[in-house]
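Now for the letters of each chain:
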Number of protein chains: 2
Amino acid sequence: MALKLGLVGIGKIARDQHIPALTADPRFELVACASRNARVDGVANFADVETMLAEVKDLDAISICTPPQAHFEAALAALRAGKHVMLEKPPAATTRHIALLQAEAQRQGRTLFQTWHSRLAAGVDAAREWLSSRTLTGGTITWKEDVHHWHPGQQWIFEPGGLGVFDPGINALSVLTEVLPGEAVVHEATLDFPENQQAPIAAQLALRTEAGVMVNAEFDFRQKGEQTWDIELVTTTGRLKLTHGGGALQIDGQPLAADAALAGEYPRLYARFAELCMAGESEVDWRPFQLVADAFLVGRRRIVAAHQV
Amino acid sequence: MALKLGLVGIGKIARDQHIPALTADPRFELVACASRNARVDGVANFADVETMLAEVKDLDAISICTPPQAHFEAALAALRAGKHVMLEKPPAATTRHIALLQAEAQRQGRTLFQTWHSRLAAGVDAAREWLSSRTLTGGTITWKEDVHHWHPGQQWIFEPGGLGVFDPGINALSVLTEVLPGEAVVHEATLDFPENQQAPIAAQLALRTEAGVMVNAEFDFRQKGEQTWDIELVTTTGRLKLTHGGGALQIDGQPLAADAALAGEYPRLYARFAELCMAGESEVDWRPFQLVADAFLVGRRRIVAAHQV
């Protein structure tokens with residue numbers, strides 16, 4: 001029997017990714033949505049998650065794709081109501097919020113799936129496998145996109161907790177932490193804050209692996225023209241390049257054919273969520289989010305030109 | 001037989017606290033020190049930790065009280081050399097550095113003791129005990145000191161990774177996380193950065209407990225006259241006040257006599273370190289540090305008057 005699911009936060013990512021993935025997956029039945037402003041045809045619609053939880057008694061699971069500042073309250077309410085919870089990235093306003101949700105999921109015996117969709121991009125598994133037997137000597141991350149195109153009118157992204165350019169940048173960090181054999185830390189960082197905003201519009205990170213190898217990351221929200229979401233990792237025995245946000249993989253300049261049977265990121269996320277709900281397990285990895293918090297902690301702040309959302 | 005200990009970083013805290021505590025403790029023998037500029041009489045002195053580790057083969061343990069930006073390299077070198085490690089607060093430049101040290105300690109089968117000295121202040125155990133059966137309704141933390149008096153000439157404190165006013169403020173957070181029955185998160189924060197410095201000189205935090213209770217914290221490095229390190233917690237059945245950085249406790253305005261047999265914070269730290277080394281166990285709790293990173297992550301930044309160290 002399909003898991004009855006309520007979707008919280010009906011914005012761009014819900015319509016682009018969550019609803020199509022849910023509609024195609026027989027393991028889920030989308031029965032309700034909660035959104036202050038938007039409605040979804042064919043399901044029960046509510047203004048907020050509390051009302052949805054009170055009115056639709058037989059929900060099994062909740063998937064949350066509001067701005068991150070609202071994740072915690074919605075997830076806590078859902079877990080306390082005995083529902084399984086799936087969280088869009090970034091997972092919450094702060095790293096400690098995740099710890100509280102983990103503890104609540106455990107108390108309730110419910111699943112908390114704290115997702116990193118980019119880890120399920122087509123090239124990532126092969127990249128991890130290829131790197132697992134190699135010795136890293138350096139790397140670069142280039143994550144440059146036009147915020148006006150990808151986040152039109154989304155002021156929340158520049159509010160405290162919205163992460164600014166780390167909203168896409170955390171995808172790169174989620175892939176890096178997935179494919180690297182060891183751990184990495186923020187060695188140095190520079191954050192560029194628009195003079196009228198509370199979150200950075202660009203950032204440069206020097207990440208350092210346990211073995212002392214540097215991986216330099218450049219995140220920029222002001223990119224016009226070509227958009228770039230690339231990770232290049234150099235080893236003693238070859239060079240790996242993930243492009244398209246992890247969607248394509250090259251080894252020494254030669255494209256590797258993607259597994260044609262592999263589903264997209266969001267279908268794979270929901271397949272994993274169904275597995276976790278059935279097994280009664282949680283999946284949480286806050287390392288990418290900690291790296292972002294660490295970048296804010298040690299980052300040198302620079303003030304740059306004002307930015308209008 | 002006493003543990004042969006090397007002390008790394010001979011500054012104010014080493015001379016005020018570490019050396020007197022070590023000298024009085026028969027479980028330790030201070031045999032070596034590493035410091036770029038300072039020497040300690042009666043022990044072997046080295047310019048850096050690597051030389052000390054290479055020259056003094058029979059060291060059992062290393063205690064590190066350099067500025068936090070240098071903790072990671074020193075601790076990693078010591079663990080890889082098979083030594084037990086004790087870390088002053090704040091533990092490192094970033095939260096993920098702690099994870100790497102934890103992993104290295106486990107691989108090496110050595111003790112990592114990541115200390116929070118204020119948790120061993122005289123009033124803290126009694127405060128935790130008193131709170132454990134009560135229901136919190138609110139609280140305030142007031143941590144105001146004169147940076148010129150307590151950190152004379154210490155520019156590192158305003159560099160990236162130096163934490164600014166969170167260097168003392170993290171002591172308050174270490175006590176709060178120790179005495180609260182549940183967890184707390186950073187709900188909102190404001191950070192005041194001097195226009196010429198990279199770390200805040202003052203901060204206001206709204207912390208929120210799992211039960212939704214607010215604890216407001218005010219940290220200020222610009223305090224002249226009376227210095228204040230107080231935590232006041234209000235419950236449905238009385239009011240607790242820790243003053244003097246946890247050193248004294250009042251319940252409903254009445255001072256509780258401290259346990260006269262209780263040793264000071266640093267003697268207790270080293271007693272605990274000796275226990276951990278003997279048991280081959282580690283003790284790490286990075287929650288206070290995560291709260292600081294979270295405050296940087298979601299904090300609104302304000303630029304205030306320049307500060308000369």
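Remember, it's a predicted structure, so these values are computed and weren't measured experimentally.

Visitor: Got a minute to help me understand the overall build of chain A in this structure?
Guide: Tallying secondary structure elements over chain A gives nine helices and 15 strands in all. Computed over the C-alpha atoms, the radius of gyration of chain A is 19 Å, within 12% of the 19 Å expected from 2.2 N^0.38 for a compact globule of 309 residues. Taken along the three principal axes of its C-alpha coordinates, chain A extends 55 × 45 × 35 Å. Here chain A holds 309 residues, and the buried ones make up 59% of them. Look at the contacts in chain A between residues 6 or more apart in sequence, and 72% of them connect residues 24 or more apart. For chain A, the accessible area works out to roughly 12,200 Å², and carbon and sulfur atoms hold 49% of it. Distance between charge centroids for chain A: 2 Å, based on 28 positive and 37 negative side chains.

Visitor: Help me understand the interface of chain B and chain A in this model?
Guide: Frequently, the measure chosen for interface size is the accessible area that the parts lose on association. Residue-level contacts link 39 residues of chain B with 39 residues of chain A. Of the roughly 3,500 Å² buried between chain B and chain A on both sides combined, carbon and sulfur atoms contribute 52%. Per-residue buried area on chain B facing chain A is highest for B:Arg96, B:Leu297 and B:Arg301; these three make up 23% of the total on that side. When the shortest N-O distance is used, the salt bridge between B:Glu183 and A:Arg96 registers 2.9 Å.

Visitor: Could you clarify how one ought to interpret helix H5 (residues 124-131) of chain B in this entry?
Guide: Given 3.6 residues per helical turn, the α-helix brings residues three or four places apart onto the same face. Residues and elements named next belong to chain B. Those residues of H5 that sit buried are Val124, Ala127, Trp130 and Leu131. Here the buried residues of H5 occupy an arc of 125° about the axis, which is enough to place them on one side. Tucked into the core, H5 has its buried residues touching strand S7 (136-144), helix H7 (166-179), strand S11 (228-235), strand S12 (238-243) and strand S13 (248-251).

Calculation criteria
Residues numbered from 1 in each chain as written. Chains lettered and ligands numbered in written order. Predicted model: local features only at pLDDT ≥ 70, side-chain atom pairs only at ≥ 80, totals over all residues. Heavy atoms only, no water. Helix = DSSP H or I, 4+ residues; strand = E, 2+ residues; numbered from the N terminus. Rg over C-alpha atoms; globule rule 2.2 N^0.38 Å. Buried < 20%, exposed > 50% of the residue type's maximum accessible area, 1.4 Å probe, protein only. Contact = heavy atoms within 4.5 Å. Areas by Shrake-Rupley, 256 points an atom, 1.4 Å probe, with all protein chains shown as cover. Lys, Arg positive; Asp, Glu negative; His and termini not counted. Charge placed at Lys NZ, Arg CZ, Asp CG, Glu CD. Buried area = accessible area lost by both parts, 1.4 Å probe. Salt bridge = Lys/Arg side-chain N within 4 Å of Asp/Glu carboxyl O. Arc of directions from axis to C-beta.

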